[in-house]
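# Descriptive structure summary
One letter stands for each residue in the lines below.
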Amino acid sequence: MMPSSARSLWSLTKRAPPDPALLREKYLAPLLACAHRRLGNRDDAEDAVAEVFGAAYSNLNRCPAPEWERAWLFGIARHKVADALRKRLKRAEVTLDTVAEQHAPLDQDTEVHAFLDTMRPEWREVLLLKYVEELSLAEIGRVLGKSEKAVSSLLQRARAAAQEALKSEETQ
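Residues numbered from 1 in each chain as written. Predicted model: local features only at pLDDT ≥ 70, side-chain atom pairs only at ≥ 80, totals over all residues. Heavy atoms only, no water.

Moving on, we come to the overall build of the chain. For the chain, the count of helices and strands is nine helices and zero strands. Reading the chain from its N terminus to its C terminus gives the helix and strand order α-α-α-α-α-α-α-α-α. For the chain, contacts bridging at least 24 residues in sequence account for 65% of all contacts bridging at least 6. (Helix = DSSP H or I, 4+ residues; strand = E, 2+ residues; numbered from the N terminus. Contact = heavy atoms within 4.5 Å.)

Further remarks concern helix 7 (residues 121-132). Helix length check: helix 7 (twelve residues) gives 15 Å between terminal C-alpha atoms against 16 Å at 1.5 Å per residue, within 8%. What helix 7 keeps buried is the set Trp-123, Glu-125, Val-126, Leu-127, Leu-128 and Leu-129. Downstream of helix 7 by a residue or two, Glu-134 has a phi angle that is positive, lying close to 60°. (Expected span 1.5 Å × (residues − 1). Buried < 20%, exposed > 50% of the residue type's maximum accessible area, 1.4 Å probe, protein only.)

Where helix 7 meets helix 9 (residues 148-171), the axes come as close as 9 Å, and the angle between the chain directions of the two elements is 100°. When the interaxial angle is binned, helix 7 and helix 9 end up roughly perpendicular. Residue-level inspection shows Glu-122, Trp-123, Val-126, Leu-127, Lys-130 and Tyr-131 of helix 7 in contact with helix 9, the latter providing Val-151, Leu-154, Leu-155, Arg-157, Ala-158, Arg-159 and Ala-161. Taken together, the residues of the contact of helix 7 with helix 9 sort by class into nine nonpolar, no polar and four charged. (Axes fitted to C-alpha atoms, helices over the stretch in contact; angles between N-to-C directions. Parallel < 35°, antiparallel > 145°, perpendicular 65-115°, else oblique. Nonpolar A, V, L, I, M, F, W, Y, C, P; charged D, E, K, R; others polar.)

Right, dumping it as structure tokens:
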């Protein structure tokens, strides 16, 4: 049951809160793919996405209009992935699986991730949200807590840095 303040918010907006089952059905695959790309481990990604939906379900009263659900969930995912990475650093476990993953032969995906890892974190994040997650500038702004214009500028700087890095790599 929703708290009275949440019910009053929903009554003012004249719409029912989103159905958790529909949110899960619609966004599970893209959120899992996003978390897996960032964490590099399927199990950790599944754990992070479970936490995303747990946080979302307990805060359905904060879910924006339907056109912003995706950005809202990706924003939660961004924080849960960051939490998972912090936990991983604290554990600093080196297992045989981790060693094997680090010594896997390079493929195009691995090379792209290695390249992205050399970029400033905010540039990497905006490029991933735009070109991998295919979020609009407005949605990215919502995820990052920035205006659409700020996201556009950030994306432009990230593209310029990527082009410069690729040019310098070609000349070597």
